Amino acid sequence: MTEMTERLQGHERSSQARAPVELNDGNFESAIRSNPLVAVDCWATWCYPCRMIAPIVEELAALYGSKALFAKLNVDDNPATTMKYSIQSIPTILIIKDGVEVERIIGALPKQQIEAVLRKYIS
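Residues numbered from 1 in each chain as written. Predicted model: local features only at pLDDT ≥ 70, side-chain atom pairs only at ≥ 80, totals over all residues. Heavy atoms only, no water.

Here's the deal with the state of the cysteines
In total, this model carries one disulfide according to the counting rule given. Across the disulfide, Cys47 is cross-linked to Cys50 (sulfur-sulfur distance 2.4 Å). Taking the torsion about the S-S bond as the criterion, the Cys47 to Cys50 disulfide, at about 80 degrees, is right-handed. Take Cys50: its relative accessible area is 3%, and that puts it in the buried class. (Disulfide = S-S within 2.5 Å. Buried < 20%, exposed > 50% of the residue type's maximum accessible area, 1.4 Å probe, protein only.)

What to know about the confidence of the model for the chain
Averaged over all residues, the pLDDT of the chain equals 89, while 85% of them reach at least 70. pLDDT under 50 marks residues 11–17. Its contacts with residues more than four places away, or in other chains, come to four contacts. (pLDDT = per-residue confidence, 0-100. Contact = heavy atoms within 4.5 Å.)

Let's talk about helix α5 (residues 111–119)
The periodicity of an α-helix, 3.6 residues per turn, causes residues three or four places apart in sequence to face the same way. Residues of α5 that are buried include every one of Lys111, Ile114, Glu115, Val117 and Leu118, and no others. Viewed end-on, α5 has its buried residues packed into an arc of 160 degrees, placing them on one side of the element. (Helix = DSSP H or I, 4+ residues; strand = E, 2+ residues; numbered from the N terminus. Arc of directions from axis to C-beta.)

Section: the nonpolar core
Core analysis: the largest hydrophobic core is formed by 19 residues, its most contacted members being Phe28, Val40, Leu94 and Ile96. Mapped by element, the contributors of at least two residues to this core are α2 (28–33), β2 (37–43), β3 (69–74) and β4 (92–97). With four residues, β2 is the single largest residue contributor to this core. Dropping the residues within four chain positions of it, Ile96 is found in contact with Phe28, Ile32, Pro36, Leu37, Val38, Val40, Tyr85 and Glu101. One finds Leu60, Ala68, Phe70 and Leu118 within the second-largest nonpolar core, a separate group that totals 18 residues. (Core = buried A, V, L, I, M, F, W, Y, C linked by side-chain atoms within 4.5 Å.)

Considerations on the pattern of salt bridges
A full pass over the atoms with the stated rule returns five salt bridges. Among the salt bridges present, the one from Glu59 reaches Lys111, with a minimum N-O distance of 3.2 Å. Residue Glu59 is found in helix α3 (residues 48–64), and its partner Lys111 is found in helix α5; the two are separated by 52 residues along the sequence. By relative accessible area, Glu59 is classed as partly exposed at 29%. Look at Lys111 and you get buried, because its relative accessible area is 14%. Lys120 serves as the salt-bridge partner of Glu103, at 3.0 Å between the closest nitrogen and oxygen. Of this pair, Glu103 sits in strand β5 (residues 100–106) while Lys120 is found in the segment after α5, placing the two residues 17 residues apart along the sequence. (Salt bridge = Lys/Arg side-chain N within 4 Å of Asp/Glu carboxyl O.)

Some thoughts on the pairing of β4
For β4, the tally of buried residues reaches five of six residues, placing the bulk of the element in the interior. Relative to β4, β2 runs antiparallel, the two being bridged by six bridges. Within the sheet, the bridge partner assigned to Asp41 lies in β4 and is Ile93. As consecutive antiparallel partners, β4 and β5 are separated by two residues, and within that stretch Asp98 has a phi angle of approximately 50 degrees, a positive value. (Pairing = 2+ DSSP bridges.)

Overview of unusual backbone geometry
In this chain, Ile90 is followed by Pro91 through a cis amide linkage whose omega measures 0 degrees. Turning to its location among the elements, Pro91 is positioned in the loop between α4 (79–84) and β4. The phi dihedral of Ser86 falls on the positive side, at around 50 degrees, and the residue is not glycine. Mapping Ser86 onto the fold places it in the loop between α4 and β4. Of note in the backbone geometry, Asp98 takes a positive phi value of approximately 50 degrees without being a glycine. Of note, Asp98 is situated in the loop between β4 and β5.

Okay, structure coming up:
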């Protein structure tokens, strides 16, 4: 937890962090169909654990951005996609390969655990 809090504080001070692509109800399906591997961070502005993992998602985007599309979906602003994917807890990271959800990560997990799941699908 301390590691995640430090990352969040560093992220808030950093202007150089690489931001994942913002998805919405209108572009979600085309984004997952046009990219072989997508990691979608489902979040909300009021969610502190979501803010805690945001820098981790950005770090992973910097490391693996050439092999996967990293994206964010605000669940409050995009109810259709939120309902379609039955997102009931946030943060949730959807791992979508070839247009199909293959795994989801629920909760504010450390970078190593999120990265381990992601690496299973990176070829």
